[in-house]
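# Structural features, examined
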Amino acid sequence: MTKIMWFIGAVLTNSMKKIEKFLFLYGGKGTGKGTIISVFKKLFEGYYAPIDLHRLTSGSEFATGGIKETPLLIDDDADLYSIKDDTNLLKLTSHDPIQINNKYQSTYTVTFEGLLVAASNQPYRVRNIDSGITRRAVVAKPTNQKHDYDTYHRLMKQIDFELAHIAQKAIDLFESMGPGAYENYVDYSMMEATDHFYDFMRENAVALGEQTTLKQASELYRLYLEEIHYDTRGYQMKAKQGLLRYYREYDERKQIDGERMRNVFTGLKWGVIFPKG
């Protein structure tokens, strides 16, 4: 709830233009995503618009057509698992100018300075640890604490009378935490769930150690992919690309204990694989 209130406070204090993040509400059906979206809509009635993030990240020439210059953009059933091109999403959340292209209309440029809120029952897809979305999304997950039917509807009826209190509490929280509270935030559980190579590195970091070769690592990666019943085509090239992200040095040829080795990776980035907190 802290993340949600912090974002509400950021919008109410007109601070989102300094914050390059968006709120991702993640959880199964009936876990409260719709309730949070409802509260956002009540708080910002007349100042929000819908957006289709599947369209925005589709790579279509008309992908940006749904962007509006409002304080709040909401996708209450977001699909970010099949992202084809995240350029527009990153521009939107970093408040860079975006060219709007609608069918049968002239193009024009807007700069979105508000908050994007996305709700989904599936994770967003992380291609690798360097994907821009890992730096942009702040994930809020359900606590799994539920009210019974009557209590839930009684509380929802009271929301309208509590909006001013919620808004003030959100502003106070935001001002106490500051605009940089989530500057370095990354949700590693999302990466582990959708970035297979990141998950592989977490499982095999000890076995790979401070120094490994592409031959050793790619064989382990092939076995990992087979275990999860995933396509192994191109596994060696994918392993090489992944290892370059998790090791500090790469040598095409290197002498180790008198033996000439090929494709050697040295200096495992333990802090990247197992971040503190």
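Whatever comes next refers back to the structure up there.
Our next topic: the overall build of the protein chain. When you go through the protein chain residue by residue, the secondary structure sums to eleven helices and ten strands. Its C-alpha atoms give the protein chain principal-axis dimensions of roughly 75 × 50 × 35 Å. Relative to its 277 residues, the protein chain shows a buried fraction of 45%. When the accessible surface of the protein chain is summed, it comes to about 15,300 Å², and 48% of that surface belongs to carbon and sulfur atoms. The positive charge centre, built from 36 side chains, and the negative charge centre, built from 36, are 2 Å apart in the protein chain.

For the α-helix, the turn length of 3.6 residues means that residues three or four positions removed from each other point alike. With 29 residues, helix 6 (residues 149-177) extends just 34 Å between its outermost C-alpha atoms, more than 12% less than the 42 Å of an ideal straight helix rising 1.5 Å per residue. The complete set of buried residues in helix 6 reads Thr151, Met156, Ile159, Leu163, Ile166, Ala167, Ala170, Ile171 and Phe174. Backbone geometry just after helix 6 places glycine 178 at a positive phi near 90°.

With that out of the way, let us pick up helix 1 (residues 2-12). Here helix 1 lies mainly inside the structure; eight of its eleven residues are buried. Among the residues of helix 1, Ile4, Met5, Trp6, Phe7, Ile8, Gly9, Ala10 and Val11 are the ones counted as buried. As for helix 1, its buried residues are in contact with strand 1 (22-26), helix 2 (33-43), strand 6 (115-120), strand 7 (137-140) and helix 6. Looking one or two residues beyond helix 1, the residue adopting positive phi is asparagine 14, at roughly 55°.

Once that is clear, we can look at the sheet that holds strand 8 (residues 211-213). In space, the three strands of this open sheet follow the order 8-10-9, with antiparallel pairing throughout. Every other strand in the sheet has two partners, leaving strand 8 and strand 9 (247-256) as the edge strands with one partner each. Averaged over all pairs of adjacent strands, the angle between their axes in this sheet comes to 35°, without regard to strand direction. Judged from the eight bridges that link them, strand 9 and strand 10 (residues 259-268) form a sheet pairing that is antiparallel. Bridged to isoleucine 256 within strand 10 is glutamate 259. Sheet contacts for helix 9 (residues 214-227): strand 8 and strand 10; angle to strand 8, the most-contacted strand, approximately 75°.

Now for the packing of helix 9 against helix 10 (residues 235-246). Between helix 9 and helix 10, the least distance of the axes is 9 Å, while the angle of their chain directions is 115°. Comparing their axes, helix 10 and helix 9 come out roughly perpendicular. As helix 9 packs across helix 10, the resulting crossing turns out to be right-handed. On helix 10, the residues that touch Leu214, Ala217, Ser218, Glu219, Tyr221, Arg222 and Leu225 of helix 9 are Tyr235, Gln236, Lys238, Ala239, Lys240 and Leu243. Of the residues in the contact of helix 9 with helix 10, the class split is seven nonpolar, two polar and four charged.

Whether parallel or antiparallel, the strands of a sheet pair through hydrogen bonds between backbone atoms. Spatial strand order, 2-3-6-1-7: five strands in an open sheet with parallel pairing. Every interior strand has two partners, whereas the edge strands, strand 2 (48-50) and strand 7, have only one. For this sheet, the mean angle separating the axes of adjacent strands, direction not counted, is 25°. Bridge analysis of strand 3 (residues 72-75) against strand 6 gives four bridges, and the strand direction is parallel. By the bridge assignment, leucine 72 is partnered in strand 6 with leucine 115. Seen against the sheet, helix 1 touches strand 1, strand 6 and strand 7 and runs at an angle of roughly 130° to strand 7. Where helix 2 meets the sheet, it contacts strand 1, strand 2, strand 3 and strand 6, and its direction lies at approximately 155° from that of strand 6.

As a further point, take the packing of aromatic side chains. Under the definition given, this model contains 18 aromatic pairs. Geometrically, the ring pair formed by phenylalanine 24 and tyrosine 124 is edge-to-face, given 5.2 Å between the ring centres and 80° between the ring planes. With phenylalanine 24 in strand 1 and tyrosine 124 in the loop between strand 6 and helix 5 (133-136), this pair connects stretches of sequence that are 100 residues apart. Owing to a relative accessible area of 0%, phenylalanine 24 belongs among the buried residues under this scheme. Here the aromatic cluster, defined as three or more aromatic residues joined through ring pairs, consists of Tyr188, Phe197, Tyr198, Phe200, Tyr221, Tyr224 and Tyr246.

Rules behind the numbers
- Residues numbered from 1 in each chain as written.
- Predicted model: local features only at pLDDT ≥ 70, side-chain atom pairs only at ≥ 80, totals over all residues.
- Heavy atoms only, no water.
- Helix = DSSP H or I, 4+ residues; strand = E, 2+ residues; numbered from the N terminus.
- Buried < 20%, exposed > 50% of the residue type's maximum accessible area, 1.4 Å probe, protein only.
- Areas by Shrake-Rupley, 256 points an atom, 1.4 Å probe, with all protein chains shown as cover.
- Lys, Arg positive; Asp, Glu negative; His and termini not counted.
- Charge placed at Lys NZ, Arg CZ, Asp CG, Glu CD.
- Expected span 1.5 Å × (residues − 1).
- Contact = heavy atoms within 4.5 Å.
- Pairing = 2+ DSSP bridges.
- Axes fitted to C-alpha atoms, helices over the stretch in contact; angles between N-to-C directions.
- Parallel < 35°, antiparallel > 145°, perpendicular 65-115°, else oblique.
- Left-handed = near helix turned anticlockwise from the far one by under 90°.
- Nonpolar A, V, L, I, M, F, W, Y, C, P; charged D, E, K, R; others polar.
- Phe/Tyr/Trp six-rings, centres within 6.5 Å; stacked < 30°, edge-to-face > 60°.

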